[in-house]
Amino acid sequence: MAGLSKLFARARRSLVGGVNSPVRAFKSVGGTPLFVRSGAGARIRGADGRSYVDFCLSWGPLMFGHARREIVAAARAAMARGSTFGAATEGEVVLAEKIKAALPSIELLRMTSSGTEAGMSAARAARAFTKRDLIVKFAGCYHGHMDSLLVAAGSGATTLGIPDSAGVPRAVAATTVVVPFNDLHAVEDAFKKHKGRIAALFVEPIPANMGLVFPADGFLEGLRRITRREKTLLVFDEVITGFRVAYGGAQTLFRIKPDLTVLGKIVGGGLPLAAYGGRKDVMSMIAPEGPAYQAGTLSGNPVAVAAGTAMLDLLKRENPYPRMEKMARRYCAGLRGAAAEAGVPLRVHSFGSMFTPFFLDGAAPTDYASALRADKKAYGRFFHGMLKGGVYLPPAQWEAAFVSAAHADRDIDFALAAARRALKAV
Ligand SMILES: *Cc1c(COP(=O)(O)O)cnc(C)c1O
């Protein structure tokens with residue numbers, strides 16, 4: 001571990017906090033962050049030379065684990081043909097067609113390099129189309145770090161104890177209305193109070209950034225009903241759920257047609273690529289068709305497009321969803337059993353291949369306020385116990401963990417053995 005401490009100290013001399021994205025710094029769980037040297041399948045190797053079963057999986061993009069052969073080959077071949085032209089390429093059209101075929105609510109789309117950009121641009125499209133300024137979001141839902149959506153933004157911010165970021169002008173934050181998740185009455189109240197002024201309602205259909213929380217029966221349908229009535233655009237942020245909970249995302253599972261959808265993570269095959277899209281009349285507001293400007297030098301770059309296309313093709317061909325769900329269920333059931341044995345209060349939520357163990361007593365979380373009851377110190381002890389046992393989890397309580405199609409029964413058994421030891425020390 002001396003190696004990691006030294007590397008972290010060196011990193012902090014040139015990178016803010018030693019990292020390029022805050023949660024990586026282990027602030028929430030304490031200790032020295034892991035530096036990763038390489039990954040293959042379900043495992044990563046740290047700069048400490050140790051091998052870990054990976055349940056963080058870069059926070060969601062890696063449906064087939066690390067360095068899946070076909071994805072590497074596609075990206076390598078694209079790179080060799082020239083990595084970026086700042087001009088249109090056929091590959092972008094092919095990927096766009098695949099995204100449209102997967103999510104029929106998307107008639108037109110635009111690619112960006114990050115989920116943040118995609119969410120920010122979806123908000124701009126919605127504001128341009130409705131000629132309204134306000135955006136409704138749910139406490140604990142994360143939509144990237146754009147100013148007006150960085151209010152009560154869940155995971156990263158929660159972890160650092162900054163519910164609202166510094167540097168966001170008060171006037172911008174004031175264009176955001178925050179309501180509790182799963183509370184249709186609060187949504188109705190917000191629309192009553194700001195009648196005719198709300199451009200868009202943003203929601204993670206299955207929130208994964210306050211830990212994994214489920215939408216109550218009828219909640220998403222209620223949002224669709226209210227937004228349609230109020231002529232507000234319903235925006236599904238499927239950066240995590242898109243291509244994960246099903247090939248067609250949460251909107252396919254719940255049979256709800258949002259006006260706009262934000263995609264990221266999986267759609268780039270592990271490279272920086274995201275997208276936003278939806279109704280043709282709304283998306284036509286974006287330049288060059290319309291007056292709302294949005295651009296990107298590396299948007300739709302051939303390497304990320306090739307990786308994303310290879311990812312979607314593999315998902316289509318192998319349909320790994322049932323197998324991944326089975327792995328996640330088995331791990332979560334084992335975790336519940338081990339916690340009961342160790343006398344540790346634990347609520348494990350899972351949906352498909354995503355899961356969160358909440359260290360809390362009593363009722364399972366249904367929104368941000370109830371998720372915040374989880375004991376982050378207990379999670380930190382569990383996290384470090386698992387790390388010692390050779391398992392890498394998301395380094396924060398309020399995050400979703402993932403299994404990939406590369407995880408096998410032996411990885412789950414290995415992780416459960418580590419969990420039984422770790423829970424005894426929580
Ligand atoms: C990760 C995430 C984003 C932001 O994507 P980046 O690529 O990190 O900018 C937006 N929304 C959700 C739901 C996410 O999980």
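Residues numbered from 1 in each chain as written. Predicted model: local features only at pLDDT ≥ 70, side-chain atom pairs only at ≥ 80, totals over all residues. Heavy atoms only, no water.

Asker: Can you walk me through the overall build of the protein in this structure?
Answerer: Across its full length, the protein carries 15 helices and 14 strands. In terms of overall dimensions, the protein is globule-like: its C-alpha atoms have a radius of gyration of 21 Å, near the 22 Å expected for 426 residues. Counting only C-alpha atoms and orienting by the principal axes, one finds that the protein spans roughly 55 × 55 × 45 Å. Each of the 426 residues in the protein was classed as buried or not, and the buried ones make up 56%. A separation of at least 24 residues holds for 72% of the contacts in the protein among residues at least 6 apart in sequence. As presented, the protein carries roughly 17,900 Å² of accessible surface, and 55% of it is formed by carbon and sulfur atoms. Across the protein, the centroid of the 55 positively charged side chains sits 5 Å from that of the 34 negatively charged ones. (Helix = DSSP H or I, 4+ residues; strand = E, 2+ residues; numbered from the N terminus. Rg over C-alpha atoms; globule rule 2.2 N^0.38 Å. Buried < 20%, exposed > 50% of the residue type's maximum accessible area, 1.4 Å probe, protein only. Contact = heavy atoms within 4.5 Å. Areas by Shrake-Rupley, 256 points an atom, 1.4 Å probe, with all protein chains shown as cover. Lys, Arg positive; Asp, Glu negative; His and termini not counted. Charge placed at Lys NZ, Arg CZ, Asp CG, Glu CD.)

Asker: Would you take a moment to explain the sheet that holds strand β7 (residues 198-203) for this structure?
Answerer: Remark on secondary structure: sheet strands pair via backbone hydrogen bonds, oriented parallel or antiparallel. Taken in spatial order, the seven strands make up an open sheet running β4-β10-β9-β8-β7-β5-β6, and their pairing is mixed. Each end of this open sheet is capped by a strand with a single partner; those strands are β4 (108-112) and β6 (176-179). Here the average twist between neighbouring strands, direction ignored, is 20°. Sheet topology places strand β9 (residues 260-263) next to strand β10 (residues 274-278); four bridges connect them, and they run antiparallel. Opposite Thr261, over in β10, you have Gly277 as the bridge partner. Contacts between helix α3 (residues 90-102) and the sheet are confined to β4 and β9, with β4 contributing the most and set at about 125° to the helix. (Pairing = 2+ DSSP bridges. Axes fitted to C-alpha atoms, helices over the stretch in contact; angles between N-to-C directions.)

Asker: Would you take a moment to explain the domain arrangement of the protein for this structure?
Answerer: Interfaces are frequently sized by the accessible area removed from exposure as the parts join. The domains assigned to the protein are domain 1 (2-63 + 320-423) and domain 2 (69-317). Centre-to-centre, using C-alpha coordinates, domain 1 lies 25 Å away from domain 2. Tallying the contact residues gives 33 residues for domain 1 and 33 residues for domain 2. For the pairing of domain 1 and domain 2, the buried interface totals around 2,700 Å² over both sides, and the portion due to carbon and sulfur atoms is 70%. Interface area lost by domain 1 to domain 2 is led by Tyr321, Phe351 and Tyr368, which between them contribute 25%. Summed over the shared surface of domain 1 and domain 2, the number is zero salt bridges. (Domains from an automatic or database assignment. Buried area = accessible area lost by both parts, 1.4 Å probe. Salt bridge = Lys/Arg side-chain N within 4 Å of Asp/Glu carboxyl O.)

Asker: Help me out: how do you make sense of α3 in this one?
Answerer: An α-helical segment advances 3.6 residues per turn. Residues three or four places apart therefore align on the same side. The terminal C-alpha atoms of α3, which comprises 13 residues, lie 19 Å apart, in line with the 18 Å expected from a rise of 1.5 Å per residue. If you check which residues of α3 are buried, you get Glu92, Leu95, Ala96, Ile99 and Ala102. An end-on view of α3 places all buried positions within 125° of arc, on one side of the element. Among the exposed residues of α3, those oriented more than 90 degrees off its buried face are Glu90, Glu97 and Ala101. Each element contacted by the buried residues of α3 is listed here: β4, α9 (249-254), β9 and α11 (302-318). (Expected span 1.5 Å × (residues − 1). Arc of directions from axis to C-beta.)

Asker: Hey, could you run me through the nonpolar core in this one?
Answerer: Note on soluble globular proteins: their nonpolar side chains tend to be buried together. Core analysis: the largest hydrophobic core is formed by 71 residues, its most contacted members being Phe55, Phe243, Leu315, Tyr331 and Phe382. Those elements giving two or more residues to this core turn out to be β3 (51-54), α2 (69-80), α3, α11, α12 (321-342), α14 (376-388), β13 (391-392) and α15 (409-424). No other element matches the ten residues that α11 contributes to this core. Both domains that meet at this core, namely domain 1 (2-63 + 320-423) and domain 2 (69-317), each give it at least three residues. In contact with Tyr331, not counting residues within four places along its chain, are Phe55, Phe355, Phe382, Met386, Ile412, Ala415, Leu416 and Ala419. Counting residues in hydrophobic clusters, the runner-up holds 31 residues, among them Ala139, Ala186, Phe219 and Phe236. (Core = buried A, V, L, I, M, F, W, Y, C linked by side-chain atoms within 4.5 Å.)

Asker: Honestly, the site of the ligand in this entry has me stumped. Any pointers?
Answerer: Lining the immediate environment of the ligand, one finds Ser114, Gly115, Thr116, Tyr142, His143, Gly144, Glu204, Asn209, Asp237, Val239, Ile240 and Lys265. A distance of 2.7 Å separates an oxygen atom of the ligand from a polar atom in the side chain of Thr116. Relative to its unbound accessible surface of 380 Å², the ligand loses 82% to contact with the protein. Among the residues making up the shell around the ligand, the classes are represented as three nonpolar, six polar and three charged. (Near = heavy atom within 4 Å. Polar contact = N/O pair within 3.5 Å; in protein donor to acceptor, adjacent residues only side chain to side chain. Nonpolar A, V, L, I, M, F, W, Y, C, P; charged D, E, K, R; others polar.)

Asker: Mind showing me how you'd approach the pattern of salt bridges here?
Answerer: Oppositely charged side chains can form a pair if their charged atoms are brought close together. For the structure on display, the rule yields 14 salt bridges. A salt bridge links Glu318 to Arg68, with the shortest nitrogen-to-oxygen separation between them at 2.7 Å. One end of the pair, Glu318, is in helix α11; the other, Arg68, is in the loop between β3 and α2, and 250 residues separate them in sequence. By sharing partners, the salt bridges in this structure join Arg68, Arg69, Glu70, Arg317 and Glu318 into a single network.

Asker: Teacher, can you tell me more about the sheet that holds strand β12 (residues 354-358) here?
Answerer: Judged by pairing direction, the sheet is antiparallel, and its three strands sit side by side in the order β11-β12-β14 without closing on themselves. Single-partner strands in this sheet number two, and they are β11 (347-351) and β14 (401-402). The pairing of β11 with β12 spans five bridges and is classified as antiparallel. Note that in β12 the partner of Phe351 across the bridge is Met354.

Asker: Would you take a moment to explain the pairing of strand β5 (residues 134-138) for this structure?
Answerer: Where a strand is regular, its side chains alternate between the two sheet faces. Within β5, five of the five residues are buried, which leaves it mostly tucked inside the rest of the structure. Side chains Leu134, Val136 and Phe138 project from β5 onto one buried face, and the interleaved Ile135 and Lys137 project onto a second face that is buried too. Pairing analysis gives three bridges linking β5 to β7, with the strands arranged parallel. By the bridge assignment for β7, Leu134 is matched with Ile198. Where β5 and β6 come together, four bridges link them in parallel fashion. Paired with Phe138 across the strands is Val179, a residue of β6.

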